[in-house]
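# A closer look at the structure
Here is what each chain is made of, one letter per residue.
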Amino acid sequence: MISFALLAGAITVAYANPVGTGLTLDAGALVLGNPALRAASLDNVRTILGSDYWSPMATNGLHRPVTTLSFLANWSLLGNEGRPLGYHVV
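Figured I'd write up the structure that's included with this text.

### Some remarks on the overall build of the protein
Across its full length, the protein holds five helices and zero strands. Secondary structure of the protein in N-to-C order comes out as α-α-α-α-α. A principal-axis box enclosing the C-alpha atoms of the protein has dimensions of 45 × 25 × 25 Å. In the protein, which comprises 90 residues, the proportion classed as buried is 26%. Accessible surface, the protein as shown: approximately 5,900 Å² in total, 66% of it carbon and sulfur. Each charge class in the protein was averaged separately, 4 positive and 4 negative side chains, and the resulting centres sit 4 Å apart.

### Re the environment of Asn 34
Its place among the elements puts Asn 34 in the loop between α2 (25–32) and α3 (42–49). A sequence separation of 21 residues divides Asn 34 from Ser 55, and the C-alpha atoms of the two residues are 6.9 Å apart. Residue contacts for Asn 34: discarding those within four places in its chain leaves Ala 29, Ser 55, Pro 56 and Thr 68.

### Thoughts on the packing of aromatic side chains
According to the stated counting rule, one finds two aromatic pairs in the structure shown. With a centroid separation of 6.1 Å and an interplanar angle of 80 degrees, the aromatic rings of Tyr 53 and Trp 54 are classed as edge-to-face. Taken together, a centroid distance of 6.2 Å and an interplanar angle of 65 degrees make the contact between Phe 71 and Tyr 87 edge-to-face. Of this pair, Phe 71 sits in helix α4 (residues 65–77) while Tyr 87 is found in helix α5 (residues 84–89), placing the two residues 16 residues apart along the sequence. Comparing Phe 71 with Tyr 87, the two get one shared label, buried.

### Quick word on a nonpolar patch on the surface
Taken together, the side chains of Leu 7, Ile 11 and Tyr 15 make up a nonpolar region of the molecular surface, amounting to roughly 340 Å² of accessible area. Here Leu 7 is to be found in helix α1 (residues 2–16).

### Thoughts on the pattern of salt bridges
All chains considered together, the criterion is met by one salt bridge. With a closest N to O distance of 3.7 Å, Arg 46 and Asp 43 form a salt bridge. A residue pair is termed a helical-turn pair when its members lie 3 or 4 positions apart in one helix, as Arg 46 and Asp 43 do in helix α3 at three residues. An identical accessibility class is assigned to Arg 46 and Asp 43; each is exposed.

Analysis parameters
- Residues numbered from 1 in each chain as written.
- Predicted model: local features only at pLDDT ≥ 70, side-chain atom pairs only at ≥ 80, totals over all residues.
- Heavy atoms only, no water.
- Helix = DSSP H or I, 4+ residues; strand = E, 2+ residues; numbered from the N terminus.
- Buried < 20%, exposed > 50% of the residue type's maximum accessible area, 1.4 Å probe, protein only.
- Areas by Shrake-Rupley, 256 points an atom, 1.4 Å probe, with all protein chains shown as cover.
- Lys, Arg positive; Asp, Glu negative; His and termini not counted.
- Charge placed at Lys NZ, Arg CZ, Asp CG, Glu CD.
- Contact = heavy atoms within 4.5 Å.
- Phe/Tyr/Trp six-rings, centres within 6.5 Å; stacked < 30°, edge-to-face > 60°.
- Patch = residues over 30% accessible without salt bridge, like charges linked within 9 Å, V, L, I, M, F, W, Y side chains within 5 Å.
- Salt bridge = Lys/Arg side-chain N within 4 Å of Asp/Glu carboxyl O.

Here you go:
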């Protein structure tokens, strides 16, 4: 139990710094620039499954549907929108 508490403490310390920084660098563009994240709908899920990771900003052949679906869940289901804490926790 003590080792679990130490591990949880180390993880908290390691990830505490970026929580207050907002959605920086590519995270801001990927989350704030993707209109398919605004509502949990079948059309938006289809859009995410059928498009590039950087869609709609760019097309480069990179496909990360699970990551983008987690952004959708964070924004529309958990209500995190542009607040970074929920994205860091998930």
